[in-house]
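Structural overview for review
Single-letter residue listing:
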Amino acid sequence: MNKRSGIESKKRILDVAMRVFSEHGYEKASMRAIAKASGISIGGLYIYFKNKEDLYLTLIKSRLDDLAEKTKETLKDTKDPAEAINTFISTHLNYAKRHKELILIQGREHGFAFGIDMKKKFFKSQRSLMEDIIRKGIRMGIFGKCNVKESAKIIINVMRGFVLSIVVESEALFSPEECSKLILHGLLRRNNR
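Model, not experiment: these values are computed from the prediction. (Residues numbered from 1 in each chain as written. Predicted model: local features only at pLDDT ≥ 70, side-chain atom pairs only at ≥ 80, totals over all residues. Heavy atoms only, no water.)

Some points on the packing of aromatic side chains
To describe a pair of aromatic rings, one takes the distance between the centres and the angle between the planes. Scanning the entire structure with this criterion turns up six aromatic pairs. Considering the side-chain rings of Y48 and F49, the 6.5 Å spacing of their centres and the 45 degrees angle between planes classify their relative orientation as tilted. Of the two residues examined, Y48 and F49, each falls in the buried class. Cluster of aromatic residues (ring-pair linked, three or more members): F21, Y26 and Y56. In this structure, K52 is placed above the aromatic ring of Y26, and the distance from its NZ or CZ to the ring centre is 4.5 Å. The residue whose ring lies beneath R160 is F123, and the NZ or CZ to ring-centre distance is 4.2 Å. (Phe/Tyr/Trp six-rings, centres within 6.5 Å; stacked < 30°, edge-to-face > 60°. Buried < 20%, exposed > 50% of the residue type's maximum accessible area, 1.4 Å probe, protein only. Lys NZ or Arg CZ within 6 Å of the ring centre and 35° of its normal.)

Here's the deal with helix α9 (residues 176–185)
Three or more residues of α9 are buried, namely P176, C179 and S180. Angularly, the buried residues of α9 cover 95 degrees about the axis, an arc narrow enough to put them on a single face. Considering only its buried residues, α9 is in contact with α5 (81–98) and α8 (148–168). (Helix = DSSP H or I, 4+ residues; strand = E, 2+ residues; numbered from the N terminus. Arc of directions from axis to C-beta. Contact = heavy atoms within 4.5 Å.)

Quick look at the pattern of salt bridges
A side chain of one charge can pair with a side chain of the opposite charge when the charged atoms of the two come close. Tallied over the entire structure, the rule returns ten salt bridges. Between D65 and K61 there is a salt bridge, with the nearest N and O atoms lying 2.7 Å from each other. With D65 and K61 both in helix α4 (residues 52–75), this residue pair falls four residues apart, about one helical turn. A relative accessible area of 42% places K61 in the partly exposed class. Of the charged contacts in the structure, one is a salt bridge between E131 and K149, with a shortest N-O distance of 3.5 Å. Highlighted residues: E131 in helix α7 (residues 116–139) and K149 in helix α8, separated in sequence by 18 residues. What emerges from the salt-bridge pattern is a single network uniting E131, D132, R135 and K149. (Salt bridge = Lys/Arg side-chain N within 4 Å of Asp/Glu carboxyl O.)

Examining the environment of E8
Its place among the elements puts E8 in helix α1 (residues 3–28). Here the alpha-carbon distance between E8 and N94, two residues 86 residues apart in the chain, equals 26 Å.

Points about the packing of α5 against α9
Pairs of packed helices are described in terms of their axes, by the angle between the two and the distance that separates them. In contact at an axis separation of 9 Å, α5 and α9 are set at 145 degrees when each is read in the N-to-C sense. Pair α5 / α9 crosses with right-handed handedness. Contacts from A82, I85, N86, I89, S90, L93, N94 and K97 in α5 reach P176, C179, S180, I183 and L184 in α9. Taken together, the residues of the contact of α5 with α9 break down into eight nonpolar, four polar and one charged. (Axes fitted to C-alpha atoms, helices over the stretch in contact; angles between N-to-C directions. Left-handed = near helix turned anticlockwise from the far one by under 90°. Nonpolar A, V, L, I, M, F, W, Y, C, P; charged D, E, K, R; others polar.)

Dropping the structure here:
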């Protein structure tokens, strides 16, 4: 098998695994069911993944990597820091809505600590990206001076709360636009002098 077909096969398996985990949950999903749905032998599946946990963690990592790549791609030509924050928030929240099946499985069966090291690395990189946007906005005079690290943590944790709401209280989901507006403009009324 050449490298390209191996990458395509692994991607197909991950897509199928997402569907199988979504339909049956982590505990009831089996490597055999995933192999069958992928159209490969069980032995072929074990060429790519050593066990179900490895497959599941690879699936989580691939989704986090995909979100990080989409975020970088959507921000690459954005010059305005306020627009960058809006784009960052919209990208993350809309991605969570589109891929909520993985969030639901994690929250209900494993808790969010499953795969914690890769998640910490992901969130650290996203906070760093947010810090860069905030610093740029301060340098350009668009944002007022603030504690950059704390501000980035707040924004990232607001988005994590959105993800948690998908599992716990889906009626509490909010719009990316309103989230951005509140973060960028706050609640305080400004004097129009």
